[in-house]
Amino acid sequence: MSEIPGEIPSGSRRTTARVRTRDGVHLATDIYAPSTGDGPWPVLLERTPYSRRGTNHADRSLAKPEPRSKPEVACDFVRAGYVYVAQDCRGRFDSEGRFSKYLHEQSDGVATLEWILAQPWCDGRVATLGFSYGAHTQTAIAAAAPPGLAAMFVDSGGFSSAYHSGIRQGGAYELKQLTWALKHARLAPETAADPLRRAALDSADIREWIRVNPWLPGHSAISAAPEYEDYVVEQWTNECFGPFWQRPELYARGYYAQYPDVPMVHMSSWYDPYALTAIENYRALSRGRRGPVRLVMGPWTHGQRSVTFAGNVDFGAEATLDGNVAPDYQTLRRDWFDHCLQQRATTDWLAANVTVFVMGGGTGGRSHEGRLQHGGHWLRTSDWPPPESVATAFHLHADGRLDRQAPNQATQLSWEFDPANPVPTIGGAIASGAPLMDGGAFDQRETARLFGARHPGRALLDRPDVVVFQTPPLDADIEVIGPVTAQLWVSTSARDTDFTIKLLDVHPAGHDWPEGYAMNLTDGILRLRFRDSFERAQLAEPGEIYPIEITAFPTANRFMAGHRIRVEISSSNFPHFDVNPNSGAPAGTHSAPVVATNTLHCGPDRPSKLVLHVMPRST
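Overview of the structure. Given the structure is predicted, the values throughout are model-derived calculations rather than measurements. Each chain carries its own residue numbering, running from 1 in the written order of its sequence. Predicted model: local features are reported for residues with pLDDT of at least 70 only, side-chain atom pairs are reported and counted for 80 or more only, and whole-chain, interface and lining totals are derived from all residues. Only hydrogens and water are set aside when side-chain values are computed; all heavy atoms of the structure are taken into account.

Notes on the pairing of strand β21 (residues 478-492)
1) Next: Along β21, twelve of the 15 residues are buried, which leaves the element largely enclosed by surrounding structure.
2) Next: Each pair of strands is called paired provided DSSP finds at least two bridges between the two strands. We count a stretch as a helix when DSSP gives it H or I for four or more residues in a row; a strand needs E for two or more, and each element gets its number in order from the N terminus. Sheet topology note: the β21/strand β24 (residues 546-559) ladder contains twelve bridges and is antiparallel. Looking at β24, one finds that valine 484 is bridged to alanine 552.
3) Next: Here β21 pairs with strand β27 (residues 609-614) via five bridges, running antiparallel. Along β27, the bridge assignment pairs alanine 486 with leucine 610.
4) Next: Sheet topology places β21 next to strand β26 (residues 596-602); four bridges connect them, and they run antiparallel. Within β26, the residue paired with serine 491 across the bridge is threonine 599. When a residue's accessible area, from a 1.4 Å probe over protein chains only, is under 20% of the maximum for its type it is buried; when over 50% it is exposed; and in between it is partly exposed.

Encoded structure:
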């Protein structure tokens with residue numbers, strides 16, 4: 001172990017070690033400790049692929065919007081009486097080994113924890129923290145039930161099931177994995193050491209390659225970085241939910257019984273790819289345990305907890321974590337660990353089991369920055385979904401109505417889904433999508449800068465392959481807080497196809513928004529071959545009618561009087577998800593795309609419906 005001088009404020013010291021894993025790889029590890037005193041101290045562990053000495057956009061506050069470096073954050077915790085251990089994941093930055101996204105994090109994490117417990121400066125208690133991938137590394141460790149794990153702060157990650165959300169969803173593949181792969185292949189140590197590899201990756205145009213389905217080994221934008229191409233191809237071609245997806249790094253659901261009963265925070269946000277993950281982990285790990293286990297859900301995009309907007313929608317001054325949930329993110333985490341590990345009399349910022357932001361209630365006008373003023377407020381409750389919420393069916397009617405009355409007339413609505421002309425993604429629960437897509441809430445209307453837009457200014461509902469159902473303008477507010485699902489009856493002319501849903505809060509037309517504002521809340525997708533089981537693909541019989549259920553991400557929103565609740569149904573959401581060629585060919589193989597005629601069936605015998613959790617005062 002060697003001491004590294006400089007860059008560290010007084011009161012702290014930093015040393016660097018090379019922690020040996022079980023297969024002999026050495027991981028670059030920084031240890032920040034108090035410069036005086038002999039310890040031992042409780043330890044905080046953060047493992048990251050984004051540089052243990054780098055800067056993460058999420059380490060900021062409302063008062064100090066410039067992100068802070070990892071060493072700065074670490075030294076804050078040192079001043080509070082902790083040792084802070086920061087480590088580069090295998091194959092990233094200064095660590096040895098070959099990077100394979102997600103798949104070494106349990107063995108490497110457990111080896112690191114064991115190494116920490118053997119050090120004289122550790123008092124036998126190790127807590128984990130980290131954002132995004134740093135959250136995935138935490139749950140991978142916890143699934144091994146290691147001794148010494150004392151608390152966790154899991155922020156925007158920690159797959160409950162990567163197959164069901166995060167890498168795949170409804171059987172479709174999330175293409176943010178491709179944009180992430182290209183970006184981080186360019187940052188890999190192997191790239192820095194190889195000018196030819198660097199040149200090949202720099203010349204790759206993701207806007208061209210994203211349209212290729214599938215990415216074949218040796219013929220992709222990241223072929224020059226085979227370790228990145230390999231895991232993309234592996235994720236894409238493993239289209240069924242099998243052993244690949246059931247390993248502990250990707251599937252907390254399968255290991256909940258083994259998780260230590262320790263204090264945990266699960267945090268995410270409504271426009272984050274890990275919204276469903278955080279809620280599923282909270283629900284499973286808060287049952288029958290001492291904990292405490294807490295859930296926090298904000299209105300943010302990935303990690304942007306110190307701004308008031310997501311996409312082109314502003315949620316008001318209450319929207320930030322800062323000043324509303326806790327003074328700031330650093331204070332929230334430090335007080336959590338102080339309370340759990342040091343029994344200090346800190347403020348309990350998370351006294352309620354569940355702290356969630358309910359969007360809606362704003363003026364609906366246009367802010368100085370040009371954003372929709374949607375508003376919102378924080379709700380503290382005993383569980384998720386709120387125990388008083390009521391699962392309520394909103395039925396789809398022949399005339400496009402969406403209401404609580406079941407239909408008395410049968411109808412069918414059809415559209416042509418052409419894989420060469422998919423519905424473009426406009427916002428949603430997206431991270432790492434640049435330069436192709438942005439997360440957050442937007443008016444569902446094409447713009448000139450939108451990837452895949454063919455008719456700037458056109459609302460998505462005006463596409464011939466989008467079917468719309470909506471309520472009349474509401475007479476009173478309706479507050480929806482909880483899971484969102486659609487139970488549909490469908491058929492197709494093809495052997496396989498996709499069905500998508502999108503839930504929207506439709507603001508009425510007014511001075512600031514002459515055509516109204518159709519704000520996306522959440523969406524979902526189902527690949528029809530997985531209608532009965534994700535474990536086994538079963539192609540469709542053309543023309544046969546099937547009942548399906550599409551799970552969207554959960555949400556919390558107040559639909560104001562005068563607004564409409566809308567659901568849009570189609571067959572693509574690109575480039576959020578890969579486009580189904582409708583051919584029925586296995587994932588990862590080339591096939592000629594087929595134009596499918598897809599049909600939605602509604603009526604007394606086939607009651608297609610949207611199921612929302614409605615709060616009692618609006619039932």
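Considering the environment of isoleucine 548
1) Next: Structurally, isoleucine 548 can be placed in strand β24.
2) Next: For the pair formed by isoleucine 548 and aspartate 475, sequence separation is 73 residues and the distance between their alpha carbons is 31 Å.
3) Next: In this description, contact between two residues means that some pair of their heavy atoms is separated by no more than 4.5 Å. Contact partners of isoleucine 548, with chain neighbours within four places excluded, come to Ala486, Gln487, Leu488, Val490, Phe499, Leu526, Leu528 and Arg531.

Overview of the sheet that holds strand β12 (residues 309-310)
1) Next: With respect to topology, three strands assemble into an open sheet ordered β12-β13-β15, the strand pairing being mixed. Sheet topology places β12 and β15 (372-373) at the edges, where each strand pairs with a single neighbour.
2) Next: Both strand β13 (residues 313-314) and β15 contribute to a ladder of two bridges, which runs parallel. Bridging from a neighbouring strand, valine 313 pairs with leucine 372 of β15.

Considerations on the packing of aromatic side chains
1) Next: Pairing of aromatic rings covers Phe, Tyr and the six-membered ring of Trp, with a centre-to-centre limit of 6.5 Å; geometry is then stacked below 30 degrees between planes, edge-to-face above 60, and tilted otherwise. Across all of its chains, the model carries 30 aromatic pairs by this definition.
2) Next: Judged by centre distance (4.9 Å) and plane angle (85°), the rings of phenylalanine 244 and tryptophan 245 are edge-to-face. Comparing phenylalanine 244 with tryptophan 245 shows no difference in burial state: the two are buried.
3) Next: Note on criteria: charge over ring means Lys NZ or Arg CZ within 6 Å of the ring centre, with the direction from the centre no more than 35 degrees off the ring normal. Sitting above the plane of the tryptophan 513 ring, arginine 366 keeps its charged end 3.8 Å from the centroid.
4) Next: Seen from the ring of phenylalanine 309, arginine 371 lies directly overhead, with NZ or CZ sitting 3.5 Å from the centre.

Details of the environment of threonine 347
1) Next: Take threonine 347: it is sitting in the loop between α10 (329-342) and β14 (354-359).
2) Next: Threonine 347 gets classed as partly exposed once you look at its relative accessible area, which sits at 43%.
3) Next: Separated by 16 residues in the primary sequence, threonine 347 and threonine 331 place their C-alpha atoms 9.8 Å from one another.

Side note on the environment of leucine 539
1) Next: In this structure, leucine 539 sits in the loop between β23 (517-527) and β24.
2) Next: Expressed as a C-alpha distance, the spacing of leucine 539 and leucine 528, which sit eleven residues apart in the sequence, is 7.5 Å.
3) Next: Beyond its immediate stretch of four places on either side in the chain, leucine 539 contacts Arg495, Asp496, Arg529, Arg531 and Gly584.

Re the sheet that holds strand β25 (residues 564-570)
1) Next: Across the sheet, four strands lie side by side as β20-β25-β22-β23; this open sheet has antiparallel pairing. Looking at which strands have only one partner, the edges of the open sheet turn out to be β20 (467-470) and β23. With direction set aside, neighbouring strand axes in the sheet form an average angle of 20°.
2) Next: Bridge count for β20 against β25 is four bridges, and the pairing is antiparallel. Directly across from glutamine 470, in β25, lies its bridge partner arginine 566. To get an axis, fit a line to the C-alpha atoms, keeping to the stretch in contact for a helix; angles then go from 0 to 180 degrees between the N-to-C directions.

A word on the layout of surface pockets
1) Next: A cavity here means a set of points on a 1 Å grid, drawn over the protein atoms and nothing else, where a 1.4 Å probe fits but cannot get out; a pocket is an open set with protein on both sides within 12 Å along at least five of seven lines, and a residue lines either one if it has an atom within 4 Å of a point. Grid points are joined across faces, edges and corners, and a volume is the space filled by probe spheres set on the points. Size it by volume and the largest pocket reaches roughly 810 Å³.
2) Next: For the largest pocket, the lining is made up of 30 residues, of which His57, Lys183, His302, Ala431 and Ser432 are closest to its centre.
3) Next: Here the lining of the largest pocket takes four residues from helix α4 (residues 176-186), the largest share from any one element.
4) Next: Residues are grouped as follows: Ala, Val, Leu, Ile, Met, Phe, Trp, Tyr, Cys and Pro are nonpolar; Asp, Glu, Lys and Arg are charged; all remaining types, including Gly, are polar. Residues of the lining of the largest pocket, tallied by class, amount to twelve nonpolar, 14 polar and four charged.

Description of the pattern of salt bridges
1) Next: The salt bridge criterion pairs a side-chain nitrogen of Lys or Arg with a carboxyl oxygen of Asp or Glu, the two atoms within 4 Å. For the coordinates displayed, the defined rule picks out 36 salt bridges.
2) Next: With a shortest N-O distance of 2.2 Å, arginine 79 and aspartate 76 are connected by a salt bridge. Remark: aspartate 76 and arginine 79 occur in helix α1 (residues 70-79); sequence separation between them is three residues, near one turn of the helix.
3) Next: Measuring nitrogen to oxygen at the nearest pair gives 2.8 Å for the salt bridge that ties arginine 197 to glutamate 227. Pair noted here: arginine 197 is in helix α6 (residues 195-203) and glutamate 227 is in helix α8 (residues 226-237), with a separation of 30 residues, a long-range link.
4) Next: The buried category is assigned to arginine 197, whose relative accessible area is 8%.
5) Next: One salt-bridge network, held together by shared partners, links Asp30, Arg52, Arg53, Asp88 and Asp94.

Take it as geometry only, folks, not as evidence of what the structure does.
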